[in-house]
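# A closer look at the structure
Letter by letter, the chains look like this.
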Amino acid sequence: MKKNLTPQQREEMIAEKYYYGEGHCEMDLIQAMNHYKAAMRLGSAIACSKIGRMYDTGKGVPIDTEMALEYYKAGAKRKDPLSTYYLMQHYFETEQSEEAMHTWHLLIETGDSRTISLGILSYLKYCREFAIPRSLMDMDSVLAYMEDARLFWEDEHLASESSGQYYFQSELNLLNELLEYYTEGWKDEPAEDVQIKAGPSAAD
């Protein structure tokens with residue numbers, strides 16, 4: 001184990017080893033959960049998304065969406081990009097537009113290139129699915145990050161193994177299609193009972 005680790009970093013590292021079965025640790029999801037929770041108690045933001053995802057997907061524990069959301073919310077408060085992204089995904093999937101947009105702005109403020117690129121694609125998918133016109137979208141944020149998003153998905157496609165190339169290529173194609181539609185070929189038609197205009201920023 002690396003020297004000079006903080007107690008939080010030590011718990012994060014042990015949790016990862018148990019989660020993936022690395023080093024001298026066999027995979028043990030219960031031990032991984034225990035150490036992630038210990039890291040979270042010590043202030044870890046990353047551990048929040050890890051625990052939330054385990055509850056969300058039923059990895060090592062029964063699926064519990066409400067519990068997952070509590071951990072995602074805790075992670076978002078600690079400015080963990082993945083927690084914020086997963087929380088935004090949940091709000092989009094459950095058609096909670098105002099909460100989704102609030103979380104999207106938080107992701108822009110705290111996220112990295114990967115999570116923002118994932119977020120843009122999720123945002124555009126949602127807007128197309130529910131026929132959200134451009135006038136009700138926060139296009140400034142989309143336009144500001146769309147080139148970074150393209151580069152991210154292109155890099156993921158090029159770096160992926162053959163088994164994953166189809167997925168990344170299809171996501172890249174979809175992103176380009178959606179960006180073209182919303183930046184060039186969009187038609188501003190009125191939407192009924194839908195409001196997805198920019199919500200309050202995280203500072204509000």
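Preceding this paragraph is the structure being described.
The numbering scheme is per chain: residues are counted from 1 as the chain's sequence reads. Local features in a predicted model are, by the rule used here, given only for residues with pLDDT of at least 70; side-chain atom pairs are given and counted only at 80 or more, and totals for whole chains, interfaces and linings are based on all residues. To obtain the side-chain values, all non-hydrogen atoms of the structure were included, while hydrogens and water were left out.

## Things to note about the overall build of the chain
Working definition: helices are DSSP H or I runs of at least four residues, strands are E runs of at least two. Numbering for both runs from the N terminus. Helices and strands together make up the secondary structure of the chain, namely nine helices and zero strands. Residue contacts are defined here by distance: any two heavy atoms, one from each residue, within 4.5 Å place the two residues in contact. In the chain, once contacts between residues fewer than 6 apart in sequence are set aside, the share between residues at least 24 apart is 57%. Here the chain has roughly 11,400 Å² of accessible surface; of this, 48% comes from carbon and sulfur atoms. Accessibility throughout is a Shrake-Rupley quantity obtained with a 1.4 Å probe, and a residue counts as covered only by protein chains that appear here.

## Let's talk about the nonpolar core
Residues Tyr-36, Trp-104, Tyr-123, Leu-124, Met-137, Trp-153 and Leu-175 are the most contacted members of the largest nonpolar core, which totals 56 residues. Ranked by residue count, the leading element in this core is helix H7 (residues 113–129), at eight residues. Not counting chain neighbours up to four residues away, the residues in contact with Tyr-36 comprise Ala-15, Glu-16, Tyr-19, Ala-47, Lys-50, Ile-51 and Met-54. Put simply, buried Ala, Val, Leu, Ile, Met, Phe, Trp, Tyr and Cys residues joined by side-chain atoms within 4.5 Å make one nonpolar core. The rule is simple: take the accessible area with a 1.4 Å probe, protein chains only, and divide by the maximum for that residue type; under 20% is buried, over 50% is exposed, in between is partly exposed.

## Points about the packing of helix H4 (residues 65–77) against helix H5 (residues 81–93)
Close contact between H4 and H5 brings their axes to 8 Å; oriented N to C, the two are set at 130 degrees. When the axis of H4 is compared with that of H5, the two are oblique. Between H4 and H5 the crossing geometry is left-handed. Across from Thr-65, Leu-69, Tyr-71, Tyr-72, Lys-73, Gly-75 and Ala-76 in H4, the residues of H5 making contact are Ser-83, Thr-84, Tyr-86, Leu-87, His-90 and Tyr-91. Lines fitted to C-alpha atoms define the axes here, with helix axes fitted over just the stretch in contact, and angles between the N-to-C directions of these axes take values from 0 to 180 degrees. Oblique is the label for any angle not under 35 degrees, not over 145, and not in the 65 to 115 range, which are roughly parallel, roughly antiparallel and roughly perpendicular in turn. By definition, turning the near helix anticlockwise from the far helix through less than a right angle yields a left-handed crossing, and turning it clockwise yields a right-handed one.

## Examining the pattern of salt bridges
Pairing is possible between side chains of opposite charge, provided their charged atoms come close. The salt bridge criterion pairs a side-chain nitrogen of Lys or Arg with a carboxyl oxygen of Asp or Glu, the two atoms within 4 Å. Here the structure, examined in full by the defined rule, presents five salt bridges. Across the pair Arg-53 and Asp-56 runs a salt bridge, and its minimum N-O distance is 3.6 Å. Within this pair, Arg-53 and its partner Asp-56 are both found in helix H3 (residues 46–57), separated by three residues, close to a single helical turn. Residue classification places Arg-53 among the partly exposed positions, given a relative accessible area of 34%.

## A closer look at the packing of aromatic side chains
A pair of Phe, Tyr and Trp rings is counted when the ring centres sit within 6.5 Å of each other, with Trp represented by its six-membered ring. The angle between the planes then sorts it: under 30 degrees is stacked, over 60 is edge-to-face, the rest tilted. Scanning all chains against the criterion turns up twelve aromatic pairs. Ring plane angle 40 degrees and centroid distance 5.7 Å describe the contact between Trp-104 and Tyr-123, whose orientation is recorded as tilted. Taken together, the positions of Trp-104 in helix H6 (residues 97–110) and Tyr-123 in helix H7 put the pair 19 residues apart, joining distant regions of the chain. Just as Trp-104 is buried, Tyr-123 falls in that class too.

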